[in-house]
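What the coordinates show
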Amino acid sequence: MAEVEKVFISGLHEELAEDRVINEKDLDPEFAKEIRKYGGKNVMTCLQCGNCTGVCPISLKIDYKTRNIIKCCQFGLKKYTLGTRWVCATCYRCYEHCPADLNPAEVMIALRHIAVREGIVPPFVKIAATNLVKYGQSVKPDPEIDKIRVELGLKPVHADQERLTAVVREIQTLVHATKYDKLIGIQEEVKL
Amino acid sequence: MTEPAPQDKTVTKDTSAEPDGGRKAPRVGVFVCDCGSNIAGVVDCGKVREAAEKLGDVVVAKENKYTCSDVGQAEIIKAIKEHGIERVVVAACSPRLHEPTFRNCIQQAGLNPYLLHMVNIREQCSWVHGHEKAKATKKALELVKMGVSKAARLEPLEAREVPVEPSSLVVGGGVAGIQAALDLANMGFKVYMVEKEPSIGGKMAMLDKTFPTGDCAICILAPKMVELSRHPNITLLSYSEVEEVKGYIGNFEVKVRKKARYVHEELCVGCGVCADACPVKVDNEFDLGFGQRKAIYVPFPQAVPLRYTIDKEHCIHFKSGKCLLCAKACANNAIDHKMKDEIVNLKVGTIIVATGYETYVPLRKGVYKYWECDNVITGLELERLLNASGPTGGHLVRPSDGKRPEKIAFIQCVGSRNKKIDRNYCSRVCCMYAIKNAQIIMEHEPNTEISVYYNDIRAFGKGFEELYHRVREEYAVEFIRGRPAKLKEDPTTKRITIRAEETLLNMITEREFDLVVLSTGLIPSEGSKSIGKTLGLTTTPDGFFAEAHPKLRPVETALDGVYVAGCAQGPKDIPDSVAQAKAAASSAAAPMFAKKVTIEPLTASVDEDLCVGCGLCVELCPYGAPELVTVEKGGTKARIIEALCHGCGTCAASCPQKAITCKQFTDEQIYSEIFAALGAEDKKGEGRKKAEAGVS
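Residues numbered from 1 in each chain as written. Chains lettered and ligands numbered in written order. Predicted model: local features only at pLDDT ≥ 70, side-chain atom pairs only at ≥ 80, totals over all residues.

1. Section: the overall build of chain B
Along its length, chain B carries 19 helices and 32 strands. Principal axes of the C-alpha set define a box for chain B whose edges measure 90 × 70 × 45 Å. Here chain B holds 696 residues, and the buried ones make up 46% of them. (Helix = DSSP H or I, 4+ residues; strand = E, 2+ residues; numbered from the N terminus. Buried ≥ 20, exposed ≤ 12 C-beta atoms within 10 Å, placed from the backbone.)

This is the structure:
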């Protein structure tokens, strides 16, 4: 599991290092257009100044270079960009500083959209999505926590079972209508 | 322009004088231009020609590959003579490009040059509708139909010639203004130079050395400043501002406010005894706050004119009515605290605007902490700190403690190429001045470590790349490709840590520096804004003055007789500023040598029977052309001073009585175009009346 997760959060550096030569066949000239379709505007105007990488709080912890990903998008290196980009916290600090007025955070979101549509869904996203459909929240409710809460004289997290069921049903209806479940690949048995 | 030649014999009908109702149809010729594939590649010109031929009034329609070519023009002349054409419609490019060509052409054939109408089927049709060929053709057809309808109603006009005053006003005394003034004066024209500061010299006087050759800026500028001040043909109005400009090419009337400097220029000898006596010390603007001056001062030792000026804001006398130590010290009695502003009226033929630039001021709460940290300075401040006549005598020190900085960082593109702050353009000089200053610092102190944070290095000029190469090779100046993301000041050492991605290494770097220099970009000056408003000059989106044509008319403005030079037109270095100044001087000299210019007759005129003398036009006209006059019959009427009228149409559009008509844009002509577009006939002006009722 840990190995698989690593692929989805690590930066481009290692991936690029494996392919010594980028072949023209690997480039998708329409990639920037596709990104624009999913909300990532002005990708081609990036000056590659690196300001986004410098201000990115994630980049200080792991090998994740915002600028590098944008460059791959400009270049049409689709295959490198889709596996990753789930670490972006969308804090928009990159957008705040970008002199070219593009929004790297929204490019990351667009990349996630494209990745999911290509069937590339990291396990942790699948788990969170499954939880959302199942319990109405992306984190699985833990009975232990409720036990502690009761001991402390607090109500359990979901005291109002009736309301919770209504909420979950609402989510499931929406999920079904938007074909979100199929997109993410949530199993049938998950449903109530 | 010469008188139109007598008309050809085949042209027999003279219809222009007939009133609308009984209008005899003039014979119209239509010439459709392919413009190679520029138009024909999109618009089906053959179809346009065929359709034009079928229009009423049209007696001949021709299609040409290039109507502006000799062949195309010859065909127009031939058609006019053979078919007795009285009005010519050319469906081609923008009238801004070839209207003069075709006016000359039809004049050669004996027609009045103003009986031409150009239909723009290139810029307004083929170029903008490249993907919709059928629709573009349809639009071209409609435009031609409108043009023919208007052309049939054109009336002959006579161009006027006006004399040109052989004198010039140069606004701004920087290097561009100085060069333009000297060139014009050397050609024998009278030149008035207006500079708002107490001394000429501009920004160049503040610089230390110039790139790429390393000449001392003031050493090469001062001789020119002195030459200007001593030139018999130049009147220098320093500490003055242009307040009002009236008139037109050849005949501008300029009102200049000569601000009171409280020192008589003709008595002051610039000895400086007054400044020694003055007890007030304030920051010197010329040193950007690093050095100090007295309340009575010259901004720098080489100032021209070397005449002292009292800074009213800080002078004790203007606060308490006391002191007067300077006046007591002055042996020539040159100081006069009661001096008043003076208005000087000038009459000039041409104007050169050389109002220069200002440097971008970093944001108050910006990333680069210019306002928070002492050791973050701008490029121009560094110039003063490096300058031998600057506040430190040329010794580079850290502003926080006066010690020598050992590690220096330059940050490029501050206030340039940044869409977030609406500064999209490249300021052109920052790369080179940073490289030049790096070289100077390394020459002074070879043990310094210099890093330049850049996005792209633009070393495009003569000798620039060589200098860039030298500072890397000889002085080992380090270039880091990346825009700094964060600056952090150590509260005790006052050193600055810069975090940036070295994009070429794909690594985030954090490094500490003693001094950080922000290579700030160039922005339009306040002086430019005010003179731009006074003259009504247009600017490009970046705020710099727009030239008449970006390639072919680089120093002319949209206003005849007004030229632009130097950084007022856009960021540029000294060689480019000087070259442009020389170009502006030569362009301004042309009409002054010719002693006369031709003025377009497309002006407004007033029907005094309809005018009620309300004066709305007088208030609205941006050029002061209409005036109210008392007529013999009694009452006041508006009258247009034709020489001042630019034919903009503001008065005609706003006149509540519809008493004002704009020649070649009469209501009748415009309505006929509208009706042609709508496919309606405007017989006997009925439609026009209906439309007016509908519109109003």
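2. Notes on the overall build of chain A
The helix and strand tally for chain A stands at 12 helices and zero strands. Tracing chain A from N to C terminus, the helices and strands come up as α-α-α-α-α-α-α-α-α-α-α-α. Counting across all 192 residues of chain A, residues that qualify as buried make up 29%. Residue pairs at least 24 apart in sequence account for 71% of intrachain contacts in chain A once pairs closer than 6 positions are excluded. (Contact = placed C-beta atoms within 7 Å.)

3. Examining unusual backbone geometry
In terms of backbone geometry, most residues other than glycine have negative phi values and most peptide bonds are trans. Residues and elements named next belong to chain B. Residue P212 is bonded to the preceding F211 through a cis peptide linkage, with omega at -5°. Relative to the helices and strands, P212 resides in the loop between β7 (190-194) and α7 (217-230). If you check the backbone angles, D57 has positive phi at about 75° while not being a glycine. Along the chain, D57 turns up in the loop between α1 (45-54) and β2 (58-64).

4. Here's the deal with the packing of α1 of chain B against helix α5 (residues 133-151) of chain B
Each pair of packed helices gets described by two things: the angle between the helix axes and the distance between those axes. Residue and element names in this part refer to chain B. One can describe the packing of α1 onto α5 by two numbers: an axis separation of 10 Å at closest approach and a directional angle of 35°. As α1 runs across α5, the sense of the crossing is right-handed. Touching K47, V48, A51 and A52 of α1 are T137, A140, L141, V144 and V148, all from α5. By residue class, the composition of the contact of α1 with α5 is seven nonpolar, one polar and one charged. (Axes fitted to C-alpha atoms, helices over the stretch in contact; angles between N-to-C directions. Left-handed = near helix turned anticlockwise from the far one by under 90°. Nonpolar A, V, L, I, M, F, W, Y, C, P; charged D, E, K, R; others polar.)

5. Section: the interface of chain B and chain A
Chain B puts 17 residues into the contact, and the matching count from chain A is 18 residues. At three residues, strand β23 (residues 496-502) of chain B tops the list of elements feeding residues into the side of chain B that touches chain A. Considered class by class, the residues forming the side of chain B that touches chain A number five nonpolar, five polar and seven charged.

6. Re the sheet that holds strand β6 (residues 167-171) of chain B
Strand pairing in a sheet relies on backbone hydrogen bonds. The paired strands run either parallel or antiparallel. All names here are of chain B. Strand order in the open sheet formed by five strands is β8-β7-β6-β16-β27, with parallel pairing between adjacent strands. A single partner strand is all that each edge strand has here, and the edge strands are β8 (234-237) and β27 (562-564). Going from strand to strand, the sheet's axes swing by 20° on average, the running direction of each strand aside. Of the strand pairs in this sheet, β7 and β8 are connected by four bridges, and their pairing is parallel. Bridge pairing links V191 to I234 in β8. (Pairing = 2+ DSSP bridges.)

7. Considering helix α3 (residues 95-108) of chain B
Residues and elements named next belong to chain B. An ideal rise of 1.5 Å per residue puts 20 Å on 14 residues; α3 measures up with 19 Å between its terminal C-alpha atoms. Those residues of α3 that sit buried are F102, R103, C105 and I106. Down the axis, α3 shows its buried residues gathered within 165° of arc, on one side only. Along its buried surface, α3 packs onto α2 (70-83), β3 (87-92) and β4 (116-120). A positive backbone phi angle near 100° is found at G110, which sits one or two residues after α3. (Expected span 1.5 Å × (residues − 1). Arc of directions from axis to C-beta.)

8. Digging into the domain arrangement of chain A
All names here are of chain A. Each assigned domain of chain A is listed here: domain 1 (2-117) and domain 2 (123-190). On the domain 2 side, the residues contacting the five residues of domain 1 number five residues. Here the residues of the side of domain 1 that touches domain 2 sort into three nonpolar, no polar and two charged. (Domains from an automatic or database assignment.)

9. Overview of the confidence of the model for chain A
Mean pLDDT over chain A: 83, with 85% of residues reaching 70 or higher. In the model, residues 1-5 of chain A has pLDDT below 50 throughout and makes five contacts with residues more than four positions away in sequence or in other chains. (pLDDT = per-residue confidence, 0-100.)

10. Observations regarding the pairing of β6 of chain B
Residues and elements named next belong to chain B. For β6, the tally of buried residues reaches four of five residues, placing the bulk of the element in the interior. Of the pairings in the sheet, the one linking β6 to β7 comprises five bridges and is parallel in character. Bridged to L169 within β7 is Y192. One crossover worth recording links β6 to the parallel β7 by way of helix α6 (residues 175-186), and it is right-handed. Bridge count for β6 against strand β16 (residues 350-353) is four bridges, and the pairing is parallel. Bridging across to β16, S168 finds its partner in T350. (Right-handed = clockwise from strand over helix to strand, strands pointing away.)

11. Side note on the confidence of the model for chain B
All names here are of chain B. Within chain B, residue pLDDT values average 91, and 94% of them lie at 70 or more. For the stretch residues 1-22, pLDDT sits under 50, and the model shows 31 contacts to residues farther than four places along the chain or on other chains. Model confidence for the complex is summarised by a pTM of 0.84, with the ipTM given as 0.81.

12. Comments concerning the domain arrangement of chain B
Parsing chain B into structural domains produces domain 1 (28-159), domain 2 (167-354 + 524-594), domain 3 (358-523) and domain 4 (604-695). Taking only C-alpha atoms, the centre of domain 3 of chain B and the centre of domain 4 of chain B are 59 Å apart.

13. Concerning the pairing of β16 of chain B
Residue and element names in this part refer to chain B. Taking every second residue as pointing to the same face, both faces of β16 are buried, with T350 and I352 on one and I351 and V353 on the other. Sheet topology places β16 next to β27; three bridges connect them, and they run parallel. By the bridge assignment, I351 is partnered in β27 with V562.

14. Remarks on the environment of V88 of chain B
All names here are of chain B. With respect to the helices and strands, V88 occurs in strand β3. For V88, a count of 25 C-beta atoms within 10 Å corresponds to the buried category. In this structure, the C-alpha to C-alpha distance between V88 and P524, residues 436 residues apart in sequence, is 44 Å. Every residue in contact with V88, bar those within four places of it in the chain, is listed here: G29, I76, I106, L111, L115 and L116.

15. Re the nonpolar core
Residues and elements named next belong to chain B. Counting residues in hydrophobic clusters, the biggest one holds 157 residues, and the most contacted among them are A180 and A181. Discounting residues that sit within four places of it in the chain, A181 has contacts with V170, V191, M193, L228 and I234. Among the nonpolar cores identified, the runner-up in size contains 48 residues, and V48, I76, L116 and A140 belong to it. (Core = buried A, V, L, I, M, F, W, Y, C linked by C-beta atoms within 7 Å.)

16. A closer look at the sheet that holds strand β24 (residues 507-513) of chain B
Residues and elements named next belong to chain B. Within the open sheet, the three strands sit side by side as β22-β23-β24. Their pairing is antiparallel. Where the open sheet ends on each side, the last strands, each with one partner, are β22 (486-489) and β24. Going from strand to strand, the sheet's axes swing by 20° on average, the running direction of each strand aside.

17. Overview of helix α14 (residues 526-535) of chain B
An α-helical turn contains 3.6 residues, so a residue and the one three or four places further along point in the same direction. All names here are of chain B. Those residues of α14 not exposed but buried are G527, S528, I531 and G532. End-on view of α14: buried residues confined to an arc of 130°, all on one side of the axis. α14 presents E526 and K533 as exposed residues on the side facing more than 90 degrees away from its buried surface. The inward-facing, buried residues of α14 abut β6, β9 (240-248), β16 and β26 (522-524). Remark: G536 follows α14 within two positions and exhibits a positive phi of approximately 75°.

18. Focus: the packing of helix α11 (residues 379-386) of chain B against helix α12 (residues 430-444) of chain B
Residue and element names in this part refer to chain B. Two numbers describe how α11 lies on α12: the axes approach to 11 Å, and their chain directions differ by 30°. Taken together, α11 and α12 sit at an angle that is classed as roughly parallel. For α11 against α12, the interelement crossing comes out left-handed. Counted together, G379, L382 and L386 of α11 and C430, Y433, A434, N437 and I440 of α12 form the full contact between these two elements. Considering only residue class, the contact of α11 with α12 consists of six nonpolar, two polar and no charged. (Parallel < 35°, antiparallel > 145°, perpendicular 65-115°, else oblique.)

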